[in-house]
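Examining the three-dimensional arrangement
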Amino acid sequence: MLKFIALRLLQGMLVLLGIYAVTFVLVAATPGSPFSSERAIAPEILAQIEAFYGYDKPLGERFITSLGNVLQGEFGPSAVYANRTVTQIIAESFPVSIKLGSISLLLALVLGVPAGILAAVKRNTWLDYLPMSVSMAGICLPTFVMGPLLALVFGLILKMLPVAGWYGPEYVVLPATTLGLYYAAYFARLTRGGMLEMLNQDWVRTARAKGVPEHTIIWKHCLKGGLIPAITFLGPALAGIISGSFVVETIFQIPGLGQWFVRAALNRDDFLVLGLTVLFAAMIVIMNLLVDIVQVALNPRLKYD
Amino acid sequence: MPLLDVDDLTTYFHTRDGVVRAVDGVSFNLERGETLGIVGESGSGKSVTCYSLMRLIPEPPGRIERGTAMFDGRDLLQMSPKELRKVRGDKISMIFQDPMTSLNPYLRISTQLIEALQMHRDIDSKAALNKAIEALEEVGIPGASKRVFSYPHEFSGGMRQRVMIAMALITEPDLLIADEPTTALDVTVQAQIMEIIKQRQNDLGTAVILVTHDLGVVAGSCDKVLVMYGGREMESGSADQIFYRPRHPYTRALQKTIPSLQEKGQELFTIPGLPPDVSKPIHGCAFHPRCPYPKIGSPEGERPQLEDIEPGHCWAACGFCDSSAPIETVLAKADDHVAEPVDGDA
């Protein structure tokens, strides 16, 4: 198993290197520069700025230098916010995104998985139709509709919760619900599908023929296999919740990573774009590795190799 | 009193395309320790008969329409789910056709083996595990004390069916229902599995219902035989009666298809046509469209009534054909008739 993890981490490193290289080339190929602005800058000053950030060197050399810095954990200065480094920006905003993301994910699992199990066990009854139509609506409704809707109802009409900002626990509720409900819908459908597949297996009939009661069939015989689709989705979901939260972060004015991502792209803040891309890619790689480990633990037919 | 007395068992499936009459008024009984063979082609209702007894029919769309199945003095078909659970796996066990899919791939063999014991007996897990190892040894699995902790995918098909047998018999049930236990296995393994079932039956005195379409297996191991076709009983009797004095044209035709009874080098005999479509009502005799015997009268009419020929031997007395002659004469005489394409859906 250690060998498997080491190998996968090595593979992950290669993936990250590839992503870094591609992003670097794409950013460099984008027209314009981080230093162009509406105000005309004297050519000498511009040259000085470019020299400071290393933009006067050829592309290959810049790549090697920046890669060397990244390997030492330094993503470089922000090209737009002159007095901050990319690492500082990440250190400030990443914990916010992690907090929002993990609460949303927890909410998604707590709501989605039991709803999916219930729907599968009571299939073709209202206990199936109701959660499944709600989840269909949840998948179809984008977060930029759900977010303002929740803010309108609970913030402006009922005046129960704050609609924007990031100052205390009550500020987490609406954004986490907006994000969580969306993924809860996915988890519900995936869990229902997985459980239904298990419940239709021949060995469920064998268990019934042994006199095993239905609840034991669900918990003991079906849950392990039935959760596999949902667990497989957990990796992309976590990465998506943390990175994809930029819509929600914008709606609710939360100082998280997502906002920085958007701002960095719009500002052509090359170093920040690169840093954030590598961070997200690393998260996806690590989550997928964790998911693979959990899958092997759940399914005895899978082996580490 | 017989151990199991089934009367007029009728199971329909109510589908969107109509009512499928999978089992239509089947009756039989079984004494303790006896073996009953249920034979017939695919789709003749053999498996559904067994599942109905265990109440394992998915409801809906399936429904047991009528009939009784008295097991040890109690009607299986009227039991509450709770009572049923007490019977299943304890008094009646079942083995299934496909050992590759009948064991849970996510659970260890040990877990699955002792499940029935834990459910039905007051036994601690250590004693249960010992019993499980013993059960595996009895069905001839080498290194049972280690292999009991394996997962199903670490066993071959034949070994898995042995595990199924061990699992079914671990509670020493009064009745074992074996639904085509050898169909999905290699020919070489088939004989071994039948041998194990027979041997365990002798050890424990279990009655067995053996569903199969292998008449050779029936001849070798059954006391009684029930011949089914189109969800109906065609003929039933002791193995001797069915094999030496078959009365129904279908039984006779079925026997003609046993490969080992046919002359070497000759093309194997098959019954032309297809089994009837049980989603449409069957008038008269279900076998009529494929029957090689000379027909008399119209095929429409009353369903043939079961009639005793001799004690313990009855047949669905068909009046739509002249079945007095042995089948060989008929087949020899009416070679062209057999060669004609026959519409099985009629």
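Everything that follows concerns the structure shown earlier in this document.
None of these values were measured; they are calculated from a predicted model. (Residues numbered from 1 in each chain as written. Chains lettered and ligands numbered in written order. Predicted model: local features only at pLDDT ≥ 70, side-chain atom pairs only at ≥ 80, totals over all residues. Heavy atoms only, no water.)

Here we take up the overall build of chain A. When helices and strands are counted, chain A shows 13 helices and 0 strands. With respect to the three principal axes, the spread of C-alpha positions in chain A is 85 × 55 × 30 Å. For chain A, the residues scored as buried account for 47% of the 305 residues in total. Residue pairs at least 24 apart in sequence account for 74% of intrachain contacts in chain A once pairs closer than 6 positions are excluded. Total accessible area computed for chain A in this model is approximately 15500 Å², and 71% of it derives from carbon and sulfur atoms. Charge-centre separation for chain A: the mean point of 21 positive side chains lies 16 Å from the mean point of 17 negative side chains. (Helix = DSSP H or I, 4+ residues; strand = E, 2+ residues; numbered from the N terminus. Buried < 20%, exposed > 50% of the residue type's maximum accessible area, 1.4 Å probe, protein only. Contact = heavy atoms within 4.5 Å. Areas by Shrake-Rupley, 256 points an atom, 1.4 Å probe, with all protein chains shown as cover. Lys, Arg positive; Asp, Glu negative; His and termini not counted. Charge placed at Lys NZ, Arg CZ, Asp CG, Glu CD.)

Attention now moves to the sheet that holds strand β2 (residues 18–30) of chain B. Residues and elements named next belong to chain B. The antiparallel open sheet is built from 4 strands, whose spatial order is β2-β1-β4-β5. With partners counted over all chains shown, the strands left at the sheet margins are β2 and β5 (74–75), one partner each. For strand β1 (residues 4–15) and β2, the ladder comprises 10 bridges, and the chain directions are antiparallel. Its bridge partner lying in β2, Val6 is registered against Phe28. Sitting on the sheet, helix α1 (residues 46–54) is in contact with β1, β2 and β4 (62–71), with an inclination near 105° to β1. (Pairing = 2+ DSSP bridges. Axes fitted to C-alpha atoms, helices over the stretch in contact; angles between N-to-C directions.)

Here the focus is the packing of helix α5 (residues 126–140) of chain A against helix α7 (residues 170–199) of chain A. Residue and element names in this part refer to chain A. Where α5 contacts α7, the axes come no closer than 8 Å and their chain directions differ by 135°. Classified by the angle their axes make, α5 and α7 are oblique. Crossing of α5 over α7 shows left-handed handedness. Along the contact surface, α5 presents Asp128, Met132, Ser135, Met136, Gly138 and Ile139, while α7 presents Tyr182, Ala185, Tyr186, Ala188, Arg189 and Arg192. Classifying every residue of the contact of α5 with α7 gives 7 nonpolar, 2 polar and 3 charged. (Parallel < 35°, antiparallel > 145°, perpendicular 65-115°, else oblique. Left-handed = near helix turned anticlockwise from the far one by under 90°. Nonpolar A, V, L, I, M, F, W, Y, C, P; charged D, E, K, R; others polar.)

Now for the pairing of β4 of chain B. Residue and element names in this part refer to chain B. In this structure, β1 lies alongside β4, joined through 8 bridges in antiparallel fashion. By the bridge assignment for β4, Asp7 is matched with Thr68. Across 2 bridges, β4 lies against β5 in antiparallel orientation. In the sheet register, Met70 faces β5, and the bridge partner there is Asp75.

Now for the state of the cysteines. Summed over all chains, the structure comprises 0 disulfides over all chains. No disulfide involves Cys222 of chain B; its sulfur sits 12 Å from the nearest other cysteine sulfur, which is in Cys50 of chain B. (Disulfide = S-S within 2.5 Å.)

Residue and element names in this part refer to chain A. Within the structure shown, the criterion is met by 16 aromatic pairs over all chains. Where Tyr20 meets Phe63, the ring centres are 6.0 Å apart and the plane angle is 35°; that geometry is what we call tilted. Of this pair, Tyr20 sits in helix α1 (residues 2–29) while Phe63 sits in helix α3 (residues 59–71), and the two are 43 residues apart along the sequence. In this structure Tyr20 comes out as buried when scored by relative accessible area, which is 4%. (Phe/Tyr/Trp six-rings, centres within 6.5 Å; stacked < 30°, edge-to-face > 60°.)

Attention now goes to the side chain of Thr206 of chain B. Positionally, Thr206 of chain B belongs in the loop between α7 (187–204) and β8 (207–212). On the accessibility criterion, Thr206 of chain B (1% relative accessible area) is buried.

For the rest of this paragraph, the subject is the sheet that holds strand β7 (residues 175–179) of chain B. Residue and element names in this part refer to chain B. Ordered in space as β6-β7-β8-β3-β9-β10-β12-β11, the 8 strands form an open sheet in which the pairing is mixed. Strands with a single pairing partner mark the edges of an open sheet, and in this sheet they are β6 (92–95) and β11 (306–310). Neighbour-to-neighbour, the strand axes of this sheet turn through a mean angle of 20°, independent of strand direction. Of the pairings in the sheet, the one linking β11 to strand β12 (residues 313–316) comprises 4 bridges and is antiparallel in character. Paired with Glu310 across the bridge in β12 is His313. Helix-sheet contacts for helix α6 (residues 157–169) involve β6 and β7, and the interaxial angle to β6 is about 175°. Seen against the sheet, α7 touches β3 (35–39), β6, β7 and β8 and runs at an angle of roughly 160° to β8.

Once that is clear, we can look at the interface of chain A and chain B. If you look at the interface, chain A gives 22 residues, while chain B gives 27 residues. Applying the counting rule to chain A against chain B returns 2 salt bridges. Between chain A and chain B we count 14 residue pairs in polar contact (both at pLDDT 80 or more) in total. Only α8 (202–209) and α9 (214–226) of chain A provide two or more residues apiece to the side of chain A that touches chain B. If one sorts the elements of the side of chain A that touches chain B by residue count, α8 of chain A sits on top with 6 residues. When grouped by side-chain class, the residues that make up the side of chain A that touches chain B number 8 nonpolar, 6 polar and 8 charged. (Salt bridge = Lys/Arg side-chain N within 4 Å of Asp/Glu carboxyl O. Polar contact = N/O pair within 3.5 Å; in protein donor to acceptor, adjacent residues only side chain to side chain.)

A few words on empty space enclosed by the protein. Tallied over the full model, the rule gives 4 cavities of 30 Å³ or more. Lining the largest cavity are Thr206, Ala209 and Lys210 of chain A together with Gly89, Ser93, Met94, Met167 and Ala168 of chain B. Elements represented by at least two residues in the lining of the largest cavity include exactly α8 of chain A together with β6 and α6 of chain B. Across the lining of the largest cavity, the residue classes tally to 4 nonpolar, 3 polar and 1 charged. (1 Å grid on protein atoms, 1.4 Å probe; cavity = no way out; pocket = protein on both sides within 12 Å on 5 of 7 lines; lining within 4 Å. Points joined across faces, edges and corners; volume = space filled by probe spheres on them.)

Next up on the list: the pairing of β8 of chain B. Residues and elements named next belong to chain B. Of all the 6 residues making up β8, 6 are buried; the element is thus mostly covered by neighbouring parts of the structure. On β8, burial covers both faces: Ala207, Ile209 and Val211 on one face and Val208, Leu210 and Thr212 on the other are all buried. For β3 and β8, the ladder comprises 5 bridges, and the chain directions are parallel. Bridged to Leu36 within β8 is Ile209. Where β7 and β8 come together, 5 bridges link them in parallel fashion. Each bridged residue has a counterpart across the sheet, and for Leu175 the counterpart in β8 is Ala207. Each parallel crossover has a hand, and the one from β7 via α7 to β8 is right-handed. (Right-handed = clockwise from strand over helix to strand, strands pointing away.)

All right, on to α7 of chain B then. Residue and element names in this part refer to chain B. With 18 residues, α7 extends 26 Å between its outermost C-alpha atoms, agreeing within 8% with the 26 Å of an ideal straight helix rising 1.5 Å per residue. Those residues of α7 that fall on the buried side of the exposure criterion are Val189, Gln190, Ile193, Met194, Ile196, Ile197, Arg200 and Gln201. For α7, the angular spread of the buried residues around the axis is 160°, confining them to a single face. Of the residues in α7, the exposed ones pointing more than 90 degrees away from the buried face are Thr188, Ala191 and Asn202. One or two residues past the end of α7 sits Gly205, with phi positive at roughly 70°. (Expected span 1.5 Å × (residues − 1). Arc of directions from axis to C-beta.)

All names here are of chain B. With respect to the secondary-structure elements, Glu180 resides in the loop between β7 and α7. On the basis of relative accessible area, Glu180 is assigned to the buried category, the value being 6%. Side chain to side chain, Glu180 and Thr183 meet in a polar contact 2.7 Å long. With near-sequence residues (within four places) excluded, Glu180 lies in contact with Lys46, Ser47, Phe96, Gln97, Val211, Thr212 and His213.

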